[in-house]
Amino acid sequence: QLHVVESGGGLVQPGGSLRLACTSSEFKVEEWSIGWFRQAPGKEREGVICLTSVDKQTYYRDSVKGRFTISTDAAKNTNYLQMNSLKPEDTGIYYCTYCGGWGGVNSKSYEPWGQGTQVTVSS
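Just so it is clear, the model here is predicted, and its values are computed rather than measured. (Residues numbered from 1 in each chain as written. Predicted model: local features only at pLDDT ≥ 70, side-chain atom pairs only at ≥ 80, totals over all residues. Heavy atoms only, no water.)

> Describe the sheet that holds strand 9 (residues 92–98), with residues and values.
If you trace the six strands from one edge of the open sheet to the other, you get 2-10-9-4-5-6, paired in mixed fashion. Every other strand in the sheet has two partners, leaving strand 2 (10–12) and strand 6 (58–60) as the edge strands with one partner each. In this sheet, neighbouring strand axes are inclined to one another by 25° on average, regardless of whether the strands run parallel or antiparallel. Across three bridges, strand 2 lies against strand 10 (residues 117–121) in parallel orientation. Counted as the bridge partner of Leu11 is Thr120 from strand 10. (Pairing = 2+ DSSP bridges. Helix = DSSP H or I, 4+ residues; strand = E, 2+ residues; numbered from the N terminus. Axes fitted to C-alpha atoms, helices over the stretch in contact; angles between N-to-C directions.)

Here is the structure:
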């Protein structure tokens, strides 16, 4: 299947910010619905956010609305997830992938297309 590379994760304190990036050499991210899901240790994978390619609508998990923003830069073929006001509960490995079949952010399954990037929010 298609491959992506996620980057931008790291260790931040509560209230801090990170910007994650998702790129691919195989497809144009602007032409696809791209979303992010995450997985915390011992927890189920959960959808975080999805930007649809057709109508450019953003779907959020309730817990991140107002704090996370998703966007694309066509020139760089990169999807960005801007995360502000981070909380310890945001900790996990973040993956980007196609989200056209998620039905919002509540898909019953999520499949990584890359290695993911670790986000750790801790004081």
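Picking up after the structure, the text goes on.
> If you had to explain the sheet that holds strand 1 (residues 5–7) to someone new, which residues and values would you point to?
The four strands lie next to each other as 1-3-8-7, forming an open sheet whose pairing is antiparallel. On the outer flanks of this sheet lie strand 1 and strand 7 (68–73), each paired with one strand and no other. The mean inter-strand angle of the sheet, taken between neighbouring strand axes irrespective of direction, is 15°. Bridge count for strand 1 against strand 3 (residues 18–23) is three bridges, and the pairing is antiparallel. The residue bridging Ser7 from the neighbouring strand is Ala21, located in strand 3.

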